[in-house]
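Report on the structure
Each chain, written out:
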Amino acid sequence: MKWLDEERDAYLLGLMRCLLGVLLCIQTWDRVDELLTWGYFGSVFHLPLVPEALVPSELVYRLLLGLEGVGALLGVVGWYGREGLFAGSSIGIYLMLCDRLQFHNNRFALLLCGFLCAFCPSDRSFLLYRGKRRTLPLAARIAPTLPRRLIQFQVSLLYLSSGGGKALDPDWRSGQTMLLRFQAGIDEAVQAGMRPPHWFVDFLTSPFVASLGSKAAISLELGLVVALWFARTRVAALWAGAMFHVFIQASARVELFSFLMGVAYVAFVTPELRERTLLVDVRTRAGRVTKALVRSLDWLARFRIEELAPEGVGGGAVTVVERGGARRSGRAVPAALARALPAGFLVWPVLALFVPRRPAVVPATTGAGSEAGHG
Amino acid sequence: MLCVVVSAQFRPDRVFGFQMFNESSTMNIHLFRRVRSTKRLVPIVNGEFLDATHGAPRLFRWTERVHDPTLGKLDQPTHAKYGLEGQLFRLGLALDDFVAWMPNGFDTVGLVAVVETLKNGRNPSVVRLQSVRR
């Protein structure tokens with residue numbers, strides 16, 4: 001089977017390891033904060049899923065939290081990063097089993113992602129402890145990436161479980177649950193001193209809107225289960241998913257969940273790097289600005305930046321050559337850039353509206369996409 | 001992973017099941033204690049009560065044992081995170097834990113929780129849970 005023995009560029013897996021390490025650090029710190037605020041969970045009412053004898057004493061608990069934090073830090077800097085992430089996430093999962101009162105879906109999802117990422121060849125890039133030599137050469141980065149598929153599978157499973165549970169619940173399907181969530185959100189906003197406009201309150205507390213929103217959320221979650229796996233639908237699915245999580249982050253207390261999903265989405269990005277080319281005329285202001293912008297925002301290393309040869313000047317200051325060889329220039333450039341740059345991804349569909357109906361597409365003879373999709 | 005998610009459907013609080021925002025239910029917990037000297041239930045006000053053994057009084061607080069933000073809130077409607085069924089299951093165990101934790105010799109022999117529930121804004125009902133010292 002293709003997936004079992006595929007070998008791809010592991011550069012982005014290093015980025016995932018690093019970012020998951022950061023999220024795990026934050027999560028560990030939150031647990032330390034809870035320990036300092038509330039005290040040791042084992043000395044009060046707690047609900048272990050493991051036998052009580054396996055629940056650590058306060059001293060051991062503090063030690064384990066410290067080790068979890070150290071593991072997460074190693075994951076960030078990359079020095080024994082995979083081992084660190086493995087240790088950190090394993091300890092986190094174990095501690096969660098020691099008290100289900102501390103369980104949160106977002107925390108569990110992060111720990112699982114970290115655990116799976118530790119099995120990926122994520123130790124070939126973003127080795128921050130090596131300074132400028134933080135990325136290994138391409139030949140050393142090519143590695144079996146089956147665990148990347150497991151992270152993708154986990155993301156799909158998460159949406160399936162969440163969306164499926166809602167779809168089976170009549171109150172969710174009818175919009176009743178969402179209506180109450182909207183009302184609770186408005187109540188919280190009012191309590192916090194905000195004064196949402198009446199039309200907005202009326203809109204959100206309308207049963208029709210809640211019903212529509214419910215059906216849209218269920219459809220989206222179940223749609224993402226499938227759409228993320230197909231090249232034709234992946235970019236749209238990633239965009240819809242990203243918007244969904246931005247909305248959730250803004251309207252509910254989900255701790256790091258939206259950020260985690262943003263990181264997990266990296267697993268769906270084409271692993272090969274710099275398959276797009278940005279051609280810029282550095283003699284123009286637009287060319288220089290675009291070059292600087294892309295250089296600083298191209299976190300997924302999508303673009304190879306080249307300066308336009310003098311004879312090439314005339315077709316615009318900036319041209320994007322897509323993975324398949326199609327050229328985008330003029331009003332099509334912002335959309336082509338936003339599609340591949342995480343910082344602009346959310347506005348990509350808006351920018352795409354400004355693309356002329358018949359963009360200048362010139363199939364090139366070079367360049368081939370290895371896995372069509374986002375990035 | 002699949003086993004964990006599937007088996008979560010059989011746990012009352014659905015932990016490890018990735019059931020996000022599964023309910024918009026509320027619960028309002030009122031605590032009472034059962035004492036030796038009377039058959040009537042004695043309400044616990046502000047989550048604390050004074051009890052005595054051998055003439056030595058002691059103040060007990062519900063939040064001494066129960067730090068959970070949902071179960072720790074008494075006499076006010078609270079969002080039942082992860083669903084009503086799960087929170088009632090946890091509350092029953094919390095009552096058992098509190099009663100078992102109380103030292104012997106006090107007047108209090110048990111706790112009763114009267115919980116007003118509202119499942120997704122509908123079907124208001126009252127659930128009574130109790131735990132008695134064994």
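Residues numbered from 1 in each chain as written. Chains lettered and ligands numbered in written order. Predicted model: local features only at pLDDT ≥ 70, side-chain atom pairs only at ≥ 80, totals over all residues.

On to the overall build of chain B. Within chain B, the secondary structure is distributed over three helices and seven strands. Dimensions of chain B, computed from the C-alpha atoms along their principal axes, are close to 55 × 30 × 20 Å. Classification of the 134 residues of chain B by burial places 34% in the buried group. By sequence separation, contacts in chain B at least 24 residues apart represent 58% of the contacts at least 6 residues apart. (Helix = DSSP H or I, 4+ residues; strand = E, 2+ residues; numbered from the N terminus. Buried ≥ 20, exposed ≤ 12 C-beta atoms within 10 Å, placed from the backbone. Contact = placed C-beta atoms within 7 Å.)

When helices and strands are counted, chain A shows 16 helices and six strands. Each principal axis of the C-alpha atoms in chain A carries an extent, and together these give about 75 × 55 × 45 Å. The proportion of buried residues among the 375 residues of chain A is 41%. For chain A, long-range pairs separated by at least 24 residues make up 73% of all intrachain contacts whose partners lie at least 6 apart in sequence.

For the rest of this paragraph, the subject is the interface of chain A and chain B. Tallying the contact residues gives 21 residues for chain A and 24 residues for chain B. For the side of chain A that touches chain B, the secondary-structure elements that each account for two or more residues are α5 (105-117), α7 (146-167) and α9 (176-191) of chain A. For the side of chain A that touches chain B, the element with the highest residue contribution is α7 of chain A, accounting for six residues.

Turning our eyes to something else, we now look at α7 of chain A. Two residues of an α-helix separated by three or four positions point the same way, owing to the 3.6 residues in each turn. Between its first and last C-alpha atoms α7 of chain A spans 31 Å; for 22 residues at 1.5 Å apiece the expected length is 32 Å, and the two agree. Buried-residue contacts for α7 of chain A involve α2 (11-38), α5, α8 (170-174), α11 (207-227) and α13 (257-264) of chain A together with α1 (2-8) of chain B. (Expected span 1.5 Å × (residues − 1).)

Turning our attention to the nonpolar core. Counting 55 residues, the largest nonpolar core has Met-16, Leu-20, Cys-113, Cys-117, Leu-260 and Ala-264 of chain A as the members making the most contacts within it. If you list the elements that add at least two residues to this core, you get α2, α3 (58-77), α4 (81-97), α5, α7, α11, α12 (231-251) and α13 of chain A. In this structure, this core is formed jointly by two domains, domain 1 (2-143) and domain 2 (160-268) of chain A, each of which donates at least three residues. Within the second largest apolar cluster, 21 residues are counted, among which are Phe-49, Leu-91, Leu-111 and Ala-113 of chain B. (Core = buried A, V, L, I, M, F, W, Y, C linked by C-beta atoms within 7 Å. Domains from an automatic or database assignment.)

Residues and elements named next belong to chain A. For chain A, the assigned domains are domain 1 (2-143), domain 2 (160-268) and domain 3 (276-352). One C-alpha centre belongs to domain 1, the other to domain 2; they are set 27 Å apart. For the side of domain 1 that touches domain 2, the secondary structure elements donating two or more residues are α2 and α5.

Once that is clear, we can look at the packing of α4 of chain A against α5 of chain A. The packing of two helices is summarised by the inter-axis angle and the distance between the axes. All names here are of chain A. Between α4 and α5, the least distance of the axes is 8 Å, while the angle of their chain directions is 145 degrees. Taken as a pair, α4 and α5 cross one another with a handedness that is left-handed. Residues Leu-85, Phe-86, Gly-88, Ser-89, Ser-90, Gly-92, Ile-93 and Met-96 of α4 lie in contact with α5, whose contacting residues are Arg-107, Phe-108, Leu-111, Gly-114, Phe-115 and Cys-117. Looking at the contact of α4 with α5 residue by residue, the class counts come to eight nonpolar, five polar and one charged. (Axes fitted to C-alpha atoms, helices over the stretch in contact; angles between N-to-C directions. Left-handed = near helix turned anticlockwise from the far one by under 90°. Nonpolar A, V, L, I, M, F, W, Y, C, P; charged D, E, K, R; others polar.)

So, on to the environment of Val-127 of chain B. Residues and elements named next belong to chain B. Along the chain, the position of Val-127 falls in strand β7 (residues 122-132). Under the C-beta neighbour-count criterion, Val-127 is labelled partly exposed, with 15 such atoms within 10 Å. Distance from Val-127 to Leu-88, taken between C-alpha atoms, is 8.6 Å for residues 39 residues apart in sequence. Excluding anything up to four places from it in sequence, Val-127 contacts Leu-88, Val-115 and Thr-117.

This paragraph deals with α11 of chain A. All names here are of chain A. Taking 1.5 Å of rise per residue, the 21 residues of α11 would be expected to cover 30 Å, and the 29 Å separating its terminal C-alpha atoms lies within 8% of that figure. Residues of α11 that are buried include every one of Ala-210, Ser-214, Ala-217, Ile-218, Glu-221, Leu-224 and Ala-227, and no others. Those residues of α11 that are buried are in contact with α7, α8, α9 and α12.

Bringing the sheet that holds strand β5 (residues 318-321) of chain A into the picture now. By way of backbone hydrogen bonds, the strands of a sheet pair with one another, either parallel or antiparallel. Residue and element names in this part refer to chain A. The strand order across the open sheet formed by four strands is β4-β3-β5-β6, and the pairing between neighbours is mixed. Two strands close off the open sheet at either side, each with one partner strand: β4 (303-307) and β6 (327-329). In this sheet, neighbouring strand axes are inclined to one another by 20 degrees on average, regardless of whether the strands run parallel or antiparallel. In this sheet, β5 lies alongside strand β3 (residues 276-280) in antiparallel orientation, the contact comprising four bridges. Within the sheet, the bridge partner assigned to Leu-278 lies in β5 and is Val-320. Along the sheet, helix α15 (residues 333-340) contacts β3, β4, β5 and β6; its crossing angle with β5, the most-contacted strand, is approximately 50 degrees. (Pairing = 2+ DSSP bridges.)

A word on unusual backbone geometry. Residue and element names in this part refer to chain A. Non-glycine residue Glu-255 carries a positive phi angle of around 50 degrees. Here Glu-255 is to be found in the loop between α12 and α13. For Glu-255, a count of 18 C-beta atoms within 10 Å gives the class partly exposed.

Our focus in this paragraph is the pairing of strand β6 (residues 108-119) of chain B. Sheet faces and side chains relate simply in a regular strand, where the side chains alternate between the two faces. Residue and element names in this part refer to chain B. In the sheet, strand β1 (residues 26-35) pairs with β6 via 10 bridges, with the strands oriented antiparallel. Counted as the bridge partner of His-30 is Val-114 from β6. As defined by bridge partners, β6 adjoins β7 across nine bridges and the pair is classed as antiparallel. Each bridged residue has a counterpart across the sheet, and for Leu-111 the counterpart in β7 is Ser-131.

A word on the pairing of strand β3 (residues 48-53) of chain B. As paired elements, β3 of chain B and strand β4 (residues 56-61) of chain B share six bridges and run antiparallel to each other. Across the sheet, Leu-50 of chain B pairs through a bridge with Leu-59 of chain B, a residue of β4 of chain B.

Residue and element names in this part refer to chain A. Packing of α2 against α13 brings their axes to within 10 Å, and their N-to-C directions diverge by 170 degrees. When the axes of α2 and α13 are compared, the pair comes out roughly antiparallel. Residue-level contacts link Met-16, Leu-19, Leu-20 and Leu-23 of α2 to Phe-259, Leu-260 and Val-263 of α13. Its residues assigned to classes, the contact of α2 with α13 comprises seven nonpolar, no polar and no charged. (Parallel < 35°, antiparallel > 145°, perpendicular 65-115°, else oblique.)

Turning to the confidence of the model for chain B, a few remarks are in order. A residue-level look at chain B finds 99% of positions with pLDDT of 70 or above and a mean pLDDT of 90. Complex prediction metrics read pTM 0.90 and ipTM 0.92. (pLDDT = per-residue confidence, 0-100.)

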